[in-house]
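# Descriptive analysis of the structure
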Amino acid sequence: NAGVTQTPKFQVLKTGQSMTLQCAQDMNHNSMYWYRQDPGMGLRLIYYSASEGTTDKGEVPNGYNVSRLNKREFSLRLESAAPSQTSVYFCASSESGFYGYTFGSGTRLTVV
Amino acid sequence: GDSVTQMEGPVTLSEEAFLTINCTYTATGYPSLFWYVQYPGEGLQLLLKATKADDKGSNKGFEATYRKETTSFHLEKGSVQVSDSAVYFCASNRDDKIIFGKGTRLHILP
């Protein structure tokens, strides 16, 4: 099915470990986004990429890095995981924010 | 800065009741406005949108009207079903990025 695919769906890390969350879309969208969802906080933008080769910080970028590998793929890396990064992470893509986003099904990350 | 405020939940209704979830926004210019729905264990799905003042978005029996004078985009449904139980997010766009409200959890009792 066309859409946004995220891997893995679940992950448990120990404090200080690193990992990369993968995201790929097959809708030929220019823009891609990473959000985190925490109880009572809604969704907060971590990083976004308006086009291949460009990335920009969102509202909560500290502790994260991103790579826009090509037009399809946008990865999120945690270099040294902390318990405060326990969250559900969503990737999204769009042709333009004007029309709305398509979301992946999320990655539930627990840092112990 | 731009922001979206929606009513806090949870909201609990009986099946076939009328639903309203309030949403107001602050923005410079005229953003597009959205309602997203999140079912348990899933990502967000676009429910409806409106791109200019007085537009009405509608889908699956849900409606919302873009009211510039009151900066509001309230979600309504005339007769809710148990299957409508989910978390609903109001959102607006700014510079190609979407800003989300904190979400309203809706429980529908049979």
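This section reports on the structure supplied with the text. Note that residues are indexed from 1 along each chain, following the sequence as it is written. For naming, the first written chain is A and the first written ligand is 1, with later ones following in the order written. Thresholds applied to this predicted model are a pLDDT of at least 70 for local features of residues and 80 or more for the giving and counting of side-chain atom pairs; totals over whole chains, interfaces and linings are not thresholded and use all residues. Side-chain numbers come from the whole structure's heavy atoms, not from hydrogens or water.

## A few points about the state of the cysteines
To keep it simple, the criterion reads: Cysteine sulfur atoms that pair up within 2.5 Å are treated as a disulfide. Helix and strand labels come from DSSP, where a helix needs a run of H or I of at least four residues and a strand needs a run of E of at least two; each type is numbered from the N terminus. Throughout this description, buried means an accessible area under 20% of the type-specific maximum (1.4 Å probe, protein chains only), exposed means over 50%, and partly exposed covers the range between.
Summed over all chains, the structure comprises two disulfides over all chains. With a sulfur-sulfur separation of 1.9 Å, C23 of chain A is cross-linked through a disulfide to C91 of chain A. Because the sign of the S-S torsion sets the handedness, a value of about -75° for the bond joining C23 of chain A and C91 of chain A places this disulfide among the left-handed ones. Pair noted here: C23 of chain A is in strand β3 (residues 19–25) and C91 of chain A is in strand β9 (residues 87–94), with a separation of 68 residues, a long-range link. There is no split in this pair, since C23 of chain A and C91 of chain A are both buried. The side chain of C23 of chain B participates in a disulfide bridge whose partner is C90 of chain B; the two sulfur atoms lie 1.9 Å from each other. Between C23 of chain B and C90 of chain B, the S-S dihedral sits near -70°, and the bridge is therefore left-handed. A residue pair is termed long-range when its members are at least 10 positions apart, and C23 of chain B in strand β4 (residues 23–26) and C90 of chain B in strand β10 (residues 86–94) qualify at 67 residues. Residue classification places C90 of chain B among the buried residues on the basis of a relative accessible area of 1%.

## Focus: the side chain of S75 of chain A
Applicable threshold: In this analysis, two residues are considered to be in contact whenever any of their non-hydrogen atoms come within 4.5 Å of each other.
Residue position: S75 of chain A is located in strand β8 (residues 74–78). Ignoring anything within four residues of it in the chain, the contact list for S75 of chain A reads T20, L21, Q22, W34, N65, V66, S67 and L69 of chain A.

## Some thoughts on the packing of aromatic side chains
The criterion, for reference: Within 6.5 Å between ring centres, the rings of Phe, Tyr and Trp (the latter by its six-membered ring) count as paired, and their orientation is classed by plane angle as stacked under 30 degrees, edge-to-face over 60, tilted in between.
One pass over the full model with this rule turns up 15 aromatic pairs over all chains. Between F103 of chain A and Y36 of chain B the ring centres are 5.6 Å apart and the planes differ by 85°, which places this aromatic pair in the edge-to-face class. Separated into two different chains, F103 of chain A in strand β10 (residues 102–103) and Y36 of chain B in strand β5 (residues 33–38) make up a pair that spans both. For the pair shown, F103 of chain A and Y36 of chain B are each scored as buried. For Y36 of chain B, a relative accessible area of 0% puts it in the buried group. Through pairs of rings, three or more aromatic residues link up here, namely Y33, Y35, Y48, F90, Y101 and F103 of chain A together with F34, Y36, F89 and F100 of chain B.

## Considerations on the sheet that holds strand β7 (residues 64–68) of chain A
Hydrogen bonds between backbone atoms are what pair the strands of a sheet, whose relative direction is either parallel or antiparallel. Residues and elements named next belong to chain A. For clarity, the cut-off: By the convention used here, strands pair only if DSSP detects at least 2 bridges between them. The angle between two axes is taken between their N-to-C directions and runs from 0 to 180 degrees, where each axis is a line fitted to C-alpha atoms and a helix contributes only its stretch in contact.
Read from one edge of the open sheet, four strands run β1-β3-β8-β7, paired in antiparallel fashion. With one partner strand each, in any of the chains shown, β1 (4–7) and β7 form the two edges of the open sheet. This sheet shows a mean twist of 15° between the axes of neighbouring strands, independent of strand direction. Where β1 lies against β3, four bridges are found, and the strand directions are antiparallel. Paired with T5 across the strands is A24, a residue of β3.

## Considering the sheet that holds strand β7 (residues 56–59) of chain B
All names here are of chain B. Within the open sheet, the four strands sit side by side as β3-β9-β8-β7. Their pairing is antiparallel. Of all the strands in the sheet, just β3 (19–21) and β7 have a single pairing partner and so form its edges. Within the sheet, the average angular offset between the axes of one strand and its neighbour, ignoring direction, is 15°. When strand β8 (residues 62–65) meets strand β9 (residues 75–77), the two strands line up antiparallel, connected through three bridges.

## So, the pairing of strand β5 (residues 42–49) of chain A
Residue and element names in this part refer to chain A. Here β5 lies mainly inside the structure; eight of its eight residues are buried. Summarising the sheet, strand β4 (residues 31–38) and β5 pair through seven bridges and their orientation is antiparallel. Bridge pairing links Q37 to L43 in β5. Here β4 folds back onto β5 in antiparallel fashion, the turn holding three residues, of which G40 has a positive phi close to 75°. Taken together, the two bridges between β5 and strand β6 (residues 56–57) define a ladder with antiparallel strand orientation.

Everything listed is a geometric property; what it means functionally is a separate question.
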